[in-house]
Amino acid sequence: LLVAVAALLAELGLGACLAEVASRAGVSAATAYRHFASPDEAIGACYRQLSLGLIEGFDAIPDDLAAGEQLHRLGQVWVTQAASWGPAAVYLRSPRGYLARLDDGDPFIAALNERLTAVLRQAIEAGVLPDQDLRYAALLWVTLFDERVIVDLTHAHRLSPAAAASRLTGALLGALGQAARAGPPETD
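Residues numbered from 1 in each chain as written. Predicted model: local features only at pLDDT ≥ 70, side-chain atom pairs only at ≥ 80, totals over all residues. Heavy atoms only, no water.

**Student:** I would appreciate a short explanation of the nonpolar core in the present structure.
**Tutor:** It is characteristic of soluble globular proteins that their nonpolar side chains tend to be buried jointly. Membership of the largest hydrophobic core comes to 58 residues, with the highest contact counts inside it found for Trp78, Leu112, Leu116, Leu120 and Trp141. At eleven residues, helix H5 (residues 67–89) tops the list of elements feeding residues into this core. Not counting residues up to four positions away in its chain, the partners in contact with leucine 120 are Leu71, Leu129, Leu134, Ala137, Ala138, Trp141 and Leu176. (Core = buried A, V, L, I, M, F, W, Y, C linked by side-chain atoms within 4.5 Å. Buried < 20%, exposed > 50% of the residue type's maximum accessible area, 1.4 Å probe, protein only. Helix = DSSP H or I, 4+ residues; strand = E, 2+ residues; numbered from the N terminus. Contact = heavy atoms within 4.5 Å.)

Here you go:
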């Protein structure tokens with residue numbers, strides 16, 4: 001059912017009903033309604049599954065890799081997964097910003113931020129990146145690795161997920177390296 005939800009989101013956006021989900025999944029509408037009370041509930045379950053899959057992919061990366069390799073591997077996992085579910089994920093996005101959701105304790109954003117900042121901290125300690133604000137660095141990372149960007153690169157621009165991951169990771173490293181040398185921090 002969740003594969004059907006993702007497929008319909010990618011094709012139709014938010015307009016599918018549970019009967020369409022059931023039909024796509026090859027089950028009865030009653031079966032779909034046994035699992036989900038509404039299309040919104042099915043979409044929420046799809047979001048949780050995609051989010052969990054991304055975090056599990058990150059957690060499968062060996063801890064003993066060099067800092068730069070950790071960062072590259074995380075980018076590869078992210079792009080590979082987002083290239084497959086990205087067209088659906090663009091409809092699952094919150095209108096709220098990453099930092100606002102982090103501050104509010106959104107479970108997925110908190111788990112994502114924990115993984116990103118751990119890899120960023122390791123890269124800073126290893127000298128791969130200059131010392132910098134990890135909160136800003138993680139925000140920049142999620143901005144560059146936005147699902148819409150990944151879909152554009154892999155579907156419209158026709159890059160392989162490996163090539164898209166390499167380009168995005170290179171852009172991230174460049175942006176994070178430049179951020180610390182751009183000048184003194186802004187003040188409010």
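That was the structure; now back to the text.
**Student:** Can you walk me through the pattern of salt bridges in this structure?
**Tutor:** Oppositely charged side chains may form a pair once their charged atoms are brought near each other. As enumerated under the stated definition, the model contains six salt bridges in all. Between arginine 24 and glutamate 11 there is a salt bridge, and its shortest N-O distance comes to 2.8 Å. A residue pair is termed long-range when its members are at least 10 positions apart, and arginine 24 in helix H2 (residues 18–25) and glutamate 11 in helix H1 (residues 2–12) qualify at 13 residues. Between aspartate 103 and arginine 135 there is a salt bridge whose closest N-O contact spans 2.9 Å. You can see aspartate 103 sitting in helix H6 (residues 98–103) and its partner arginine 135 sitting in helix H8 (residues 134–144), a full 32 residues away along the chain. (Salt bridge = Lys/Arg side-chain N within 4 Å of Asp/Glu carboxyl O.)

**Student:** Would you take a moment to explain the layout of surface pockets for this structure?
**Tutor:** Rolled over the atoms, a probe with the dimensions of a water molecule shows which regions are left empty. Reported here for the largest pocket is a volume of approximately 450 Å³. Around the largest pocket, the lining comprises 23 residues; the ones closest to its centre are Arg93, Arg101, Phe108, Ile109 and Glu147. Looking at the lining of the largest pocket, the elements with two or more residues in it are helix H4 (39–59), H5, H6, helix H7 (107–125) and H8. Ranked by residue count, the leading element in the lining of the largest pocket is H4, at four residues. Split by residue class, the lining of the largest pocket holds 14 nonpolar, four polar and five charged. (1 Å grid on protein atoms, 1.4 Å probe; cavity = no way out; pocket = protein on both sides within 12 Å on 5 of 7 lines; lining within 4 Å. Points joined across faces, edges and corners; volume = space filled by probe spheres on them. Nonpolar A, V, L, I, M, F, W, Y, C, P; charged D, E, K, R; others polar.)

**Student:** Whenever I open this one, the state of the cysteines confuses me. Can you help?
**Tutor:** Think of a disulfide as a covalent bridge from one cysteine sulfur atom to another cysteine sulfur atom. Enumeration over the complete set of coordinates arrives at zero disulfides. Cysteine 46 supplies the cysteine sulfur nearest to cysteine 17, a cysteine that is in no disulfide, at a spacing of 16 Å. Judged by relative accessible area, which is 33%, cysteine 17 ranks as partly exposed. (Disulfide = S-S within 2.5 Å.)

**Student:** Help me understand the packing of H1 against H4 in this model?
**Tutor:** Where H1 contacts H4, the axes come no closer than 9 Å and their chain directions differ by 100 degrees. Taken together, H1 and H4 sit at an angle that is classed as roughly perpendicular. Listed contacts from H4 to Leu2, Val5, Ala6 and Leu9 of H1 are Ala42, Ile43, Ala45, Cys46 and Gln49. Residues belonging to the contact of H1 with H4 are distributed by class as follows: eight nonpolar, one polar and no charged. (Axes fitted to C-alpha atoms, helices over the stretch in contact; angles between N-to-C directions. Parallel < 35°, antiparallel > 145°, perpendicular 65-115°, else oblique.)

**Student:** How do you make sense of the confidence of the model for the protein chain when you look at a structure like this?
**Tutor:** A low pLDDT means the predicted coordinates there should not be read in detail. Looking at the protein chain as a whole, the pLDDT averages 89, with 94% of positions reaching at least 70. Here residues 179–187 is modelled with pLDDT under 50, and outside its nearest four sequence neighbours on either side it reaches four contacts, counting other chains as well. (pLDDT = per-residue confidence, 0-100.)

**Student:** Just checking my understanding: could you explain the packing of aromatic side chains for this structure?
**Tutor:** Two aromatic rings are characterised by how far apart their centres lie and by the angle between their planes. As enumerated under the stated definition, the model contains five aromatic pairs in all. Consider the rings of tyrosine 47 and phenylalanine 108, whose centres lie 6.0 Å apart with planes at 85 degrees: the pair is edge-to-face. Placement of the pair is tyrosine 47 in helix H4 and phenylalanine 108 in helix H7, with a sequence separation of 61 residues. A relative accessible area of 23% places tyrosine 47 in the partly exposed class. Classification of phenylalanine 108 as buried rests on a relative accessible area of 16%. One aromatic cluster is present, built from ring pairs that chain together Phe58, Trp78, Trp141 and Phe145. (Phe/Tyr/Trp six-rings, centres within 6.5 Å; stacked < 30°, edge-to-face > 60°.)

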